[in-house]
Amino acid sequence: MSQNKTANQLKVLGIAGSPRCDGNTDHLLRQVMAGASSSGVETKTVILSELNIAPCHHCDGCIKTGKCVVDDDMQWLHTDIRETEHIVLASPIFFMGVTAQTKAMIDRCQALWVIKYVLKLPVAINPNKERSGVFISVGGSKLRNLFEPAKATVKSWFTTLDIKYASELVFSGVEESGSIRLHPTALKDAFAIGQKLAAGNMPR
Ligand SMILES: Cc1cc2nc3c(=O)[nH]c(=O)nc-3n(C[C@H](O)[C@H](O)[C@H](O)COP(=O)(O)O)c2cc1C
């Protein structure tokens, strides 16, 4: 996955939250991002397990400024999250929630929560554009309500970022690495979601 970015306006930011390279959510995210970039828009994918992102210390160092005092990769990722028009978050289910990598990144957005709710400033760099988000997930079991706890976390994060929870692509009963490729429609569905996202055709 590319981590390059040009000077153009970032349209779709993909965030890979699985620690397993080439796993199921990686395959789905790649297709969503391929669908988005096939429309010619600027995209960027970040792989959380390759980044240095400490958990939130709850030091309240951000409370007066909205700037996190922890100096790691979250500093530039905050900027990408505020700049992008759309976010695609991919995380498998780990013990009924998102992965530790994903949760650490989400918790570090407490600084953006401060910007919105304490400083009462816009979180998005361009607050006039409606932003939307997509959640991608897979879990090995077929439990009813398997995705609900993770969805609650992701929805709460999107709300803080002023991002509408526009769509999701979730698959239960998918355990082995890469086995999502055997699903009859998953990768095609993922590509189509990327195309719709880039074209601004997500449900409002
Ligand atoms: C630490 C850990 C916890 C897991 N917890 C769950 C779980 O609570 N429910 C579930 O259905 N699958 C669970 N799984 C299985 C993964 O969700 C499944 O293997 C998934 O396909 C991994 O996606 P990935 O290939 O994108 O990493 C867990 C796997 C690991 C390693």
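No experiment lies behind these values; they were computed from the predicted model shown.

**Examining the packing of helix H2 (residues 74-83) against helix H4 (residues 110-118)**
Each pair of packed helices can be summarised by the angle the axes make with each other and by the distance between the axes.
Stage number 1. For the pair H2 and H4, the least separation of the axes is 11 Å and the interaxial angle reads 50°. As summarised for this structure, H2 and H4 are arranged oblique, according to the angle between their axes. The hand of the H2/H4 crossing is right-handed. Note on element contacts: H4 touches H2 through Ala111, Leu112 and Ile115, opposite His78, Ile81 and Arg82.
Stage number 2. Its residues placed into classes, the contact of H2 with H4 shows 4 nonpolar, 1 polar and 1 charged.

**Regarding the sheet that holds strand E3 (residues 86-90)**
Stage number 1. Spatially, the 5 strands line up as an open sheet ordered E2-E1-E3-E4-E5, and their pairing is parallel. Two strands lie at the open edges of the sheet, namely strand E2 (43-47) and strand E5 (163-171), each paired on one side alone. Ignoring which end each strand starts from, the neighbouring axes of this sheet average 15° apart.
Stage number 2. Where strand E4 (residues 131-138) meets E5, 8 bridges bridge the pair, whose relative direction is parallel. Residue Val138 lies in a different strand from E5, and its bridge partner there is Phe171.
Stage number 3. Sitting on the sheet, helix H6 (residues 186-199) is in contact with strand E1 (12-16), E3, E4 and E5, with an inclination near 170° to E5.

**Section: the site of the ligand**
Stage number 1. Around the ligand there are 17 residues in total, and Ser18, Thr25, Ile93, Ser141 and Val174 lie nearest to it.
Stage number 2. A distance of 2.8 Å is found between an oxygen atom of the ligand and a backbone nitrogen or oxygen belonging to Asn24.
Stage number 3. Here Ser141 contributes a backbone N or O atom positioned 2.8 Å from an oxygen atom of the ligand.
Stage number 4. Expressed as a share of its isolated accessible area of 640 Å², the protein-covered part of the ligand is 78%.
Stage number 5. Its residues assigned to classes, the shell around the ligand comprises 8 nonpolar, 7 polar and 2 charged.

**Details of the environment of Lys67**
Stage number 1. Looking at the secondary structure, you find Lys67 in the loop between E2 and H2.
Stage number 2. As for Lys67 and Cys109, which are separated by 42 residues in sequence, their C-alpha atoms are 9.8 Å apart.
Stage number 3. Setting aside anything within four residues of it in sequence, one finds Lys67 in contact with Gly61, Cys62, Gln75 and Ala111.
Stage number 4. Reaching out from Lys67, the side chain makes a polar contact with the side chain of Gln75 at a distance of 2.7 Å.

**Here's the deal with the nonpolar core**
Stage number 1. If you look at the biggest cluster of nonpolar residues, it comprises 30 residues, and the most contacted ones within it are Ile15, Leu77, Ile81, Ile87, Met105 and Trp157.
Stage number 2. Of all elements in the fold, only E1, H2, E3, helix H3 (100-107), H4, helix H5 (148-160) and E5 reach the threshold of two or more residues within this core.
Stage number 3. Among the elements that line this core, the one with the most residues is H5, at 4 residues.
Stage number 4. Setting aside chain neighbours within four positions, we find Leu77 in contact with Leu13, Val46, Leu48, Leu51, Ile53 and Met105.

**Some points on the packing of aromatic side chains**
Stage number 1. Evaluated as defined, the whole model comprises 3 aromatic pairs.
Stage number 2. Ring centres of Trp113 and Tyr117 lie 5.5 Å apart, and the angle between their planes is 45°; on these two criteria the pair is classed as tilted. Of this pair, Trp113 and Tyr117 are both found in helix H4, 4 residues apart, which corresponds to roughly one turn of the helix.
Stage number 3. The exposure class of Tyr117 is partly exposed, given its relative accessible area of 35%.
Stage number 4. Ring geometry for Phe158 against Tyr165: centres 5.9 Å apart, planes inclined by 50°, an arrangement best described as tilted. Per residue, the accessibility class of Phe158 equals that of Tyr165, and both read buried.
Stage number 5. Through pairs of rings, three or more aromatic residues link up here, namely Trp157, Phe158 and Tyr165.
Stage number 6. Of note, Lys155 hangs over the ring of Tyr165, and the distance from its end group to the ring centre comes to 4.8 Å.

Rules of the game
Residues numbered from 1 in each chain as written. Predicted model: local features only at pLDDT ≥ 70, side-chain atom pairs only at ≥ 80, totals over all residues. Heavy atoms only, no water. Axes fitted to C-alpha atoms, helices over the stretch in contact; angles between N-to-C directions. Helix = DSSP H or I, 4+ residues; strand = E, 2+ residues; numbered from the N terminus. Parallel < 35°, antiparallel > 145°, perpendicular 65-115°, else oblique. Left-handed = near helix turned anticlockwise from the far one by under 90°. Contact = heavy atoms within 4.5 Å. Nonpolar A, V, L, I, M, F, W, Y, C, P; charged D, E, K, R; others polar. Pairing = 2+ DSSP bridges. Near = heavy atom within 4 Å. Polar contact = N/O pair within 3.5 Å; in protein donor to acceptor, adjacent residues only side chain to side chain. Areas by Shrake-Rupley, 256 points an atom, 1.4 Å probe, with all protein chains shown as cover. Core = buried A, V, L, I, M, F, W, Y, C linked by side-chain atoms within 4.5 Å. Buried < 20%, exposed > 50% of the residue type's maximum accessible area, 1.4 Å probe, protein only. Phe/Tyr/Trp six-rings, centres within 6.5 Å; stacked < 30°, edge-to-face > 60°. Lys NZ or Arg CZ within 6 Å of the ring centre and 35° of its normal.

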